[in-house]
Amino acid sequence: MKVRTQNQTTVEPAARSRAQLIERKFKRRLLLGIGFLVCISGLAFGEGQEPRVHPSRVLAKPRPGVRTAGAELKAVHHGLGAKVRREHPEIGGLQVIDLPENVSLEQAVQHYQRSGLFEYVEPDYQVQISAMPNDPACVNGLLWGMQKINAPSAWDIRTSAEDVVVAVIDTGIRYTHEDLAANMWRNPGETGLDANGNDKATNGIDDDGDGYVDDVYGINAITGTGNPDDDFFHGTHCAGTIGGAGNNGVGVAGVAWRVKLMACKFLNNGGSGFISDAITCIDYARKKGARIMSNSWAGGGYSQALVDAIAAARSEGIIFVAAAGNSSGDNDINPTYPASYDLDNIVSVAATDDYDGLAYFSCFGQTSVDLGAPGVGIYSCLNSGDNAYGYESGTSMATPHVAGAFALLTAQFPTKSYAELIRRMFDTVDPISALSGQCVTGGRLNLSKALELSPPTGLTPGSPYPDGSVIVHSDPVTLSWKASDGADRYQVVVFYWDAAVGNWVYDTLVTTTESSFSYSPSVNKTHYAWTVQAGNSSRWSDWANWAFFYGDFPCTCALSPASAVLPAAGGTGSVGVHALSGCDWSAQAKAHWITITSTGIGNGNGNVTYSVAANLSKRIRNGTVTIGDQTFIVTQKGK
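Residues numbered from 1 in each chain as written. Predicted model: local features only at pLDDT ≥ 70, side-chain atom pairs only at ≥ 80, totals over all residues. Heavy atoms only, no water.

1. Brief notes about helix H11 (residues 395-412)
So, point 1. Given a rise of 1.5 Å per residue, 18 residues ought to cover 26 Å, and the 26 Å separating the end C-alpha atoms of H11 matches this to within 8%.
So, point 2. Here H11 lies mainly inside the structure; 18 of its 18 residues are buried. (Helix = DSSP H or I, 4+ residues; strand = E, 2+ residues; numbered from the N terminus. Expected span 1.5 Å × (residues − 1). Buried < 20%, exposed > 50% of the residue type's maximum accessible area, 1.4 Å probe, protein only.)

Written out as structure tokens, the structure reads:
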């Protein structure tokens, strides 16, 4: 697999310094004022594995100088109908607040935050132990490779790929093993009862007409039978790393705790085999619905037939994971097949040790080997018994770590192509010095990063501009971003800069299924900061980098009411003015009998009062008052 990375472009120094001027001015206070972002990020998230919270309780810390017993703070609680359960004076007066039944957590967070009296407000989260399985090898720390690829954190995201078929093209699998039996693929054409009421799995008939009798778990391409039992150890060991049943209280846990393992045997009891039989296995797995093929074998010369078989798998969107080889050679110079074939569905895997070094035996190649994975002293299942386990080393042991990771990725992002899944894995490796210049990615598999949702990118407005901000004149403003892999919802949060208090003020939090949001600004002539995160039914991504814009909007006013009718005797009236904060306006009477009795000038929302002299004529008269860019009509009846 040959993928070249692109150099990142950078902003020119002059432009960057101007942008940093804006950032230095606002970013520190922005970060101080938005600590509650993480806290509210799950409030609109109503399904899946979102963080659990107490439904009617929040934690709130008053700002320095705000007295917890003061009237101001009590009024805020009273306005929501909330009660303080307890306080922690030693933690800055932190309050535990009980909410009434009719107030949602999101409403409460916004209510308290907008009061300006609190340093932060957050839900009362429920916590639990992380998703570590109870399998003895995990508990005892024998599976060091799972730790290295950050599997424990990944298992908090996903443990199951139960609908993904991984073909283990190897020496077969001991399919009765206590840690593998539950995860073995079962051929739907050879399960159930036949027309005579006999079990298809043992009736001695090729029920599905694929050329193999009773091929329930896969095939033995050497003998042409449907019994792929492992008579060596190798395939069983690889299968345990890919999909040893997790959290079942015995043995090991594979990368995927639940998965479908298809046994395709073409290597004999000495660990060798022929390309022709390998092709038979590849073709069988392709036809039977495998999504991933794990290939911990190498050797032989260049075979166009094998290339064609792998290319046929590629046409079905199948990822072909292959061991880089154990001759400690440079595959760029001396290729190791099948890992070195130039097909973009092949992922070539080098072996690393528990110190993140390149294993002494592992092949490498700056352009021909893709990434590293643990491959030294790997503990997994063995074929000598249904409860047998042991240690093995090799790129053969590194390969199933990657194959299992692709199974989870396929389950997590089911609509993504093989190329997108491969790209995601490559983009999320942990760079390590031992692999720098030794493989395409220069890094080792990080399963957790690969499964994480990526924050949205391409935020507009707010993409790099020389002055660090985009000046926006239209109201409403369209905030948009690039959709993220695996996301079906987004949360957008917006702040604005309040120059009067010298701080950022939270304005709005919105959840949407679209990759854009129409935002109506609250204040004119100020900076806005906004960001977005991606989500799906299992989790939220990190927040994207902040984007900024400066609102310079037309100062339009809306009047309520737009007109009034007064009696002939005269009288008084008022009109409400609705405008963005920061929008200045003035009121002027255009008739001699109308007098503005208020100050006649305002900013943002306001009110204009006026009086009308008595109308001594018998005729109805009309006059106007201009308020900002609007006209208010006054009609007065005659006597």
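2. Comments concerning the confidence of the model for the protein chain
So, point 1. In the predicted model, the protein chain carries a mean pLDDT of 87, and the fraction of residues at 70 or more is 90%.
So, point 2. Within the model, the stretch residues 1-25 combines pLDDT values under 50 with 35 contacts to residues more than four positions away or in other chains.
So, point 3. Predicted confidence is poor over residues 32-50, with pLDDT under 50, and the contacts of this stretch with residues over four places away or in other chains come to 50 contacts. (pLDDT = per-residue confidence, 0-100. Contact = heavy atoms within 4.5 Å.)

3. Topic: the packing of aromatic side chains
So, point 1. All chains considered together, the criterion is met by 24 aromatic pairs.
So, point 2. Ring centres of tyrosine 360 and phenylalanine 361 lie 5.1 Å apart, and the angle between their planes is 80 degrees; on these two criteria the pair is classed as edge-to-face.
So, point 3. Using a relative accessible area of 73% as the deciding quantity, one classes tyrosine 360 as exposed.
So, point 4. In this structure an aromatic cluster arises from ring pairing among Tyr496, Phe517, Tyr519, Tyr528 and Phe549.
So, point 5. Seen from the ring of phenylalanine 413, arginine 424 lies directly overhead, with NZ or CZ sitting 4.1 Å from the centre. (Phe/Tyr/Trp six-rings, centres within 6.5 Å; stacked < 30°, edge-to-face > 60°. Lys NZ or Arg CZ within 6 Å of the ring centre and 35° of its normal.)

4. Here's the deal with the environment of cysteine 583
So, point 1. Of note, cysteine 583 is situated in the loop between strand S26 (571-578) and strand S27 (584-589).
So, point 2. With a relative accessible area of 1%, cysteine 583 lands in the buried category.
So, point 3. A C-alpha to C-alpha distance of 5.3 Å links cysteine 583 and asparagine 603, two positions 20 residues apart in sequence.
So, point 4. The contacts of cysteine 583, once residues within four sequence positions are left out, are Asn524, Cys555, Gly602, Asn603 and Gly604.

5. Focus on the pattern of salt bridges
So, point 1. Within the structure shown, the criterion is met by 20 salt bridges.
So, point 2. For aspartate 98, the salt bridge identified is with arginine 85, shortest N-O distance 3.1 Å. With aspartate 98 in strand S3 (residues 94-98) and arginine 85 in strand S2 (residues 83-88), this pair connects stretches of sequence that are 13 residues apart.
So, point 3. A relative accessible area of 22% means that aspartate 98 is categorised as partly exposed. (Salt bridge = Lys/Arg side-chain N within 4 Å of Asp/Glu carboxyl O.)

6. Some remarks on the packing of helix H9 (residues 275-287) against helix H10 (residues 304-315)
So, point 1. The N-to-C vectors of H9 and H10 enclose an angle of 10 degrees; their axes lie 10 Å apart at closest approach. As far as their axial angle goes, H10 and H9 are roughly parallel. Packed against H9, whose contacting residues are Ile275, Ile279, Ile282 and Arg286, the element H10 presents Ala305, Leu306, Ala309, Ile310, Ala312 and Ala313 at the interface.
So, point 2. Looking at the contact of H9 with H10 residue by residue, the classes come out as nine nonpolar, no polar and one charged. (Axes fitted to C-alpha atoms, helices over the stretch in contact; angles between N-to-C directions. Parallel < 35°, antiparallel > 145°, perpendicular 65-115°, else oblique. Nonpolar A, V, L, I, M, F, W, Y, C, P; charged D, E, K, R; others polar.)

7. Here we look at unusual backbone geometry
For residues that are not glycine, phi is negative in most cases, and the peptide bond is trans in most cases.
So, point 1. Backbone torsion omega between aspartate 475 and proline 476 reads 10 degrees, so that peptide bond is classified as cis.
So, point 2. When you line up the elements, proline 476 lands in the loop between strand S17 (470-472) and strand S18 (477-482).
So, point 3. Omega for the bond connecting serine 560 with proline 561 falls within 30 degrees of zero, at 0 degrees, which places this linkage in the cis form.
So, point 4. One non-glycine residue, serine 328, lies in positive phi territory at about 55 degrees.

8. Some words on H9
So, point 1. For H9, built from 13 residues, the straight-helix expectation of 18 Å at 1.5 Å per residue is met to within 8% by its first-to-last C-alpha distance of 18 Å.
So, point 2. Listing the buried residues of H9 in full gives Asp277, Ala278, Cys281, Ile282, Tyr284 and Ala285. Looking straight down H9, one finds that the buried residues subtend no more than 165 degrees of arc, so they occupy a single side.
So, point 3. Structurally, H9 contributes buried residues whose contacts are with strand S5 (160-170), strand S6 (218-220), strand S7 (258-265), strand S8 (292-295), H10 and strand S9 (319-323).
So, point 4. Among the residues trailing H9, glycine 289 stands out with phi positive, at a value near 95 degrees. (Arc of directions from axis to C-beta.)

9. Side note on the sheet that holds strand S19 (residues 489-498)
So, point 1. Judged by pairing direction, the sheet is mixed, and its five strands sit side by side in the order S17-S23-S22-S19-S20 without closing on themselves. Every interior strand has two partners, whereas the edge strands, S17 and strand S20 (503-512), have only one. This sheet shows a mean twist of 30 degrees between the axes of neighbouring strands, independent of strand direction.
So, point 2. Bridge count between S19 and strand S22 (residues 526-535): eight bridges; the pairing is antiparallel. Bridging across to S22, valine 494 finds its partner in tryptophan 530. (Pairing = 2+ DSSP bridges.)

10. A closer look at the packing of helix H3 (residues 71-80) against helix H4 (residues 105-114)
So, point 1. Axis separation between H3 and H4 bottoms out at 11 Å; the angle between their running directions is 155 degrees. Judged on the interaxial angle alone, H4 and H3 are roughly antiparallel. Considering the relative orientation of H3 and H4, their crossing is right-handed. Residues Val76, His77, Gly79 and Leu80 of H3 form the contact with H4, whose participating residues are Ala108, His111 and Tyr112.
So, point 2. Of the residues belonging to the contact of H3 with H4, the class tally is four nonpolar, three polar and no charged. (Left-handed = near helix turned anticlockwise from the far one by under 90°.)

11. A look at the pairing of S2
So, point 1. Relative to S3, S2 runs antiparallel, the two sharing five bridges. Bridging from a neighbouring strand, valine 84 pairs with isoleucine 97 of S3.
So, point 2. Here S2 folds back onto S3 in antiparallel fashion, the turn holding five residues, of which glycine 92 has a positive phi close to 65 degrees.

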